[in-house]
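Listed here are the chains, written in short residue letters.
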Amino acid sequence: MPLSLILIALFALAFLLFNIVLCVRVWWMVELPLRRRILPALLLCAALAASISRAWGITAVAEAVAFPLNAATALLGMYELGRQRARRAASGGQPELPS
């Protein structure tokens, strides 16, 4: 297996792990409405379902939908975390510890 394929697979796994961590962190934001807490996880599940569709030979869906849904999950999760940090800073609350 060429080294470039291994590096691409490692990047994909790291990006998936990043998305999962973002989804879990957004899920635990109790001050958000339920629909806003669930949305990143639903987008990630849809992206994973589209990616798994390659196993059944449906590659058009995976090529068209999987990466944009993964990117939307990451962007939405980072947006919600940024808004939470801004709310905490504006209210004078404790700043979030760096991870």
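Everything that follows concerns the structure shown earlier in this document.
Quick summary incoming for the structure in this document. (Residues numbered from 1 in each chain as written. Predicted model: local features only at pLDDT ≥ 70, side-chain atom pairs only at ≥ 80, totals over all residues. Heavy atoms only, no water.)

**Notes on helix α3 (residues 59-91)**
For an α-helix, the turn length of 3.6 residues means that residues three or four places apart are oriented alike.
Reasoning step 1: Over its 33 residues, α3 runs 48 Å from end to end, which matches the ideal 48 Å to within 8%, given 1.5 Å per residue.
Reasoning step 2: Among the residues of α3, A62, A66, L69, N70, T73, A74, G77, E80, L81 and Q84 are the ones counted as buried.
Reasoning step 3: One or two positions beyond α3, positive phi appears at G92, with a value near 80 degrees. (Helix = DSSP H or I, 4+ residues; strand = E, 2+ residues; numbered from the N terminus. Expected span 1.5 Å × (residues − 1). Buried < 20%, exposed > 50% of the residue type's maximum accessible area, 1.4 Å probe, protein only.)

**Digging into the pattern of salt bridges**
Reasoning step 1: The final tally for this structure, using the stated rule, is two salt bridges.
Reasoning step 2: Here E31 ties to R87 by a salt bridge, and the two come within 3.7 Å at their closest N and O atoms. Residue E31 is found in the loop between α1 (3-27) and α2 (34-52), and its partner R87 is found in helix α3; the two are separated by 56 residues along the sequence.
Reasoning step 3: Its relative accessible area of 32% is what places R87 among the partly exposed residues.
Reasoning step 4: A salt bridge links R36 to E80; the shortest N-O distance between them is 2.8 Å. Highlighted residues: R36 in helix α2 and E80 in helix α3, separated in sequence by 44 residues. (Salt bridge = Lys/Arg side-chain N within 4 Å of Asp/Glu carboxyl O.)

**Here's the deal with the side chain of S53**
Reasoning step 1: By the element assignment, S53 lies in the loop between α2 and α3.
Reasoning step 2: Of the polar contacts made by the side chain of S53, one reaches the backbone oxygen of A50; its length is 2.5 Å.
Reasoning step 3: The contacts of S53, once residues within four sequence positions are left out, are I58, V61 and A62. (Polar contact = N/O pair within 3.5 Å; in protein donor to acceptor, adjacent residues only side chain to side chain. Contact = heavy atoms within 4.5 Å.)

**Regarding α2**
Reasoning step 1: Taking 1.5 Å of rise per residue, 19 residues should cover 27 Å, and α2 covers 27 Å from first to last C-alpha, within 8% of that figure.
Reasoning step 2: Along α2, the sharpest kink reaches roughly 30 degrees, centred on P40.
Reasoning step 3: Those residues of α2 that fall on the buried side of the exposure criterion are R37, P40, A41, L43, L44, A47 and A50.
Reasoning step 4: Residues of α2 that are buried in the fold lie against α1 and α3. (Bend = angle between axes of the 7 residues up to and from the residue.)

**With respect to a nonpolar patch on the surface**
Reasoning step 1: A surface patch of nonpolar side chains, about 880 Å² in accessible area, is lined by M1, L3, L5, I6, L7, I8, L10 and L13.
Reasoning step 2: Within the secondary structure, L13 is located in helix α1.
Reasoning step 3: We classify L13 as exposed; its relative accessible area is 54%. (Patch = residues over 30% accessible without salt bridge, like charges linked within 9 Å, V, L, I, M, F, W, Y side chains within 5 Å. Areas by Shrake-Rupley, 256 points an atom, 1.4 Å probe, with all protein chains shown as cover.)

Function-wise, these values are silent; they only describe arrangement.
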